[in-house]
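Descriptive structure summary
As a plain string of letters, each chain reads:
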Amino acid sequence: MGIMERMRLDGKASFVTGGARGIGKAIAVALAEAGSDVAIVDVDIEESEKTAKEIADATGVKTMAIKTDVTNQTDVDQMIAAILKEFGKLDVAFCNAGICMNIPAEEMTLDQFKKVIDINLTGVFLTSQAAAKVMLKQGKGSIINTASMSGHIVNVPQPQCSYNASKAGVIQLTKSMAVEFAKRGVRVNSISPGYMGTELVLNAPHLKALIEQWNAMAPMGRLGHTDELQAIAVYLAGDTSDFTTGSDFVIDGAFSCF
């Protein structure tokens, strides 16, 4: 069997949190195109259902939409139960849901700080932990967490201390889980995108000036495209990456190299 055949995900079952749009949607599409059944997990159930149908119609795999607050333990447990009921197993977890607040550190309230940490870090912990419990029993599985280049550098000029801290936490959480699970068949890796040109970013008037500054600083002179994250996600989800765990893949067009 050649490498391209071994890269296929036929027969696998996956979920993607924050999967209704943006990076999450791009990853869900890639997993489905590679053959995996996919659960679209998001707080926006209407958009999740739309994305799930769009993917199913285009690829022929099984999809489902699940409304889930990733910071709520009960919601996460119910999400896993629904996936197991529909798919019978869980092979790939893409823990991606996140938010960002650009607020100066001295002005940020405790509630604002905690909200970012709760969604970006605690949410990744709860969803990856729930996935791991299933995968450890199966003896195999791949968990992929969305971190950020912001876990490696301090972004400027926007003030986003809570976001940067949360994403650095995701990277170390990923490495810690990877070491714990390494001998039990479950791999844990993270992807750290740079500035990505999602619809929400490109259509936000208040970000126009920032995008111009980011592009001026970027070695490649542009934002990334969400489809430029798809190949690494499919690789990490599949069996060709069996020796890859505890790694963080920075995909930022060399932005964080200086």
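Going by an unreviewed UniProt entry, the protein chain carries the name NAD(P)-dependent dehydrogenase (Short-subunit alcohol dehydrogenase family) and comes from Kineothrix alysoides. The annotation that UniProt attaches to the protein chain under Sequence similarities (unreviewed entry) is "Belongs to the short-chain dehydrogenases/reductases (SDR) family."

Next up on the list: the side chain of Ser 36. For Ser 36, the location among the structural elements is in the loop between helix H2 (22-33) and strand S2 (37-42). Judged by its relative accessible area of 0%, Ser 36 is buried. From its side chain, Ser 36 meets the backbone oxygen of Lys 12 in a polar contact 3.2 Å long. Among the polar contacts made by the side chain of Ser 36, one reaches the side chain of Ser 14 at a distance of 2.7 Å. Other than its neighbours up to four places away in sequence, Ser 36 contacts Leu 9, Lys 12, Ala 13, Ser 14, Leu 31 and Val 61.

On to the packing of aromatic side chains, then. A complete count under the given rule lists three aromatic pairs for this structure. Pairing Tyr 195 with Phe 255 gives two aromatic rings, centres 5.3 Å apart and planes at 90°, and the pair type is edge-to-face. Linking Tyr 195 in the loop between strand S6 (186-193) and helix H7 (199-202) with Phe 255 in the segment after strand S7 (248-251), this pair joins segments that are 60 residues apart in sequence. Judged by its relative accessible area of 15%, Tyr 195 falls in the buried class. Here the aromatic cluster, defined as three or more aromatic residues joined through ring pairs, consists of Tyr 195, Trp 214, Phe 255 and Phe 258.

Let us look at the side chain of Thr 198. By the secondary structure assignment, Thr 198 is in the loop between S6 and H7. On the basis of relative accessibility, which here comes to 15%, the residue Thr 198 falls in the buried class. Beyond its immediate stretch of four places on either side in the chain, Thr 198 contacts Gly 22, Ile 23 and Thr 226.

Counting residues in each nonpolar core, the largest one holds 31 residues, and the members touching the most others are Phe 15, Ala 39, Met 79, Ile 83, Leu 90 and Ile 143. Broken down by secondary-structure element, the contributors of at least two residues to this core are strand S1 (13-17), S2, strand S3 (63-67), helix H4 (73-87), strand S4 (92-95), helix H5 (110-138), helix H6 (161-181) and S6. Ranked by residues supplied to this core, first place goes to H5 with seven residues. Excluding anything up to four places from it in sequence, Leu 90 contacts Ala 13, Ser 14, Phe 15, Ile 80, Ile 83, Leu 84, Ala 131, Val 134, Met 135 and Gln 138. Formed by 25 residues, the second largest nonpolar core is a distinct cluster that contains Val 16, Ala 52, Ile 191 and Ala 233.

Rules of the game
- Residues numbered from 1 in each chain as written.
- Predicted model: local features only at pLDDT ≥ 70, side-chain atom pairs only at ≥ 80, totals over all residues.
- Heavy atoms only, no water.
- UniProt positions renumbered as here; feature names shortened; annotations may be inferred.
- Helix = DSSP H or I, 4+ residues; strand = E, 2+ residues; numbered from the N terminus.
- Buried < 20%, exposed > 50% of the residue type's maximum accessible area, 1.4 Å probe, protein only.
- Polar contact = N/O pair within 3.5 Å; in protein donor to acceptor, adjacent residues only side chain to side chain.
- Contact = heavy atoms within 4.5 Å.
- Phe/Tyr/Trp six-rings, centres within 6.5 Å; stacked < 30°, edge-to-face > 60°.
- Core = buried A, V, L, I, M, F, W, Y, C linked by side-chain atoms within 4.5 Å.

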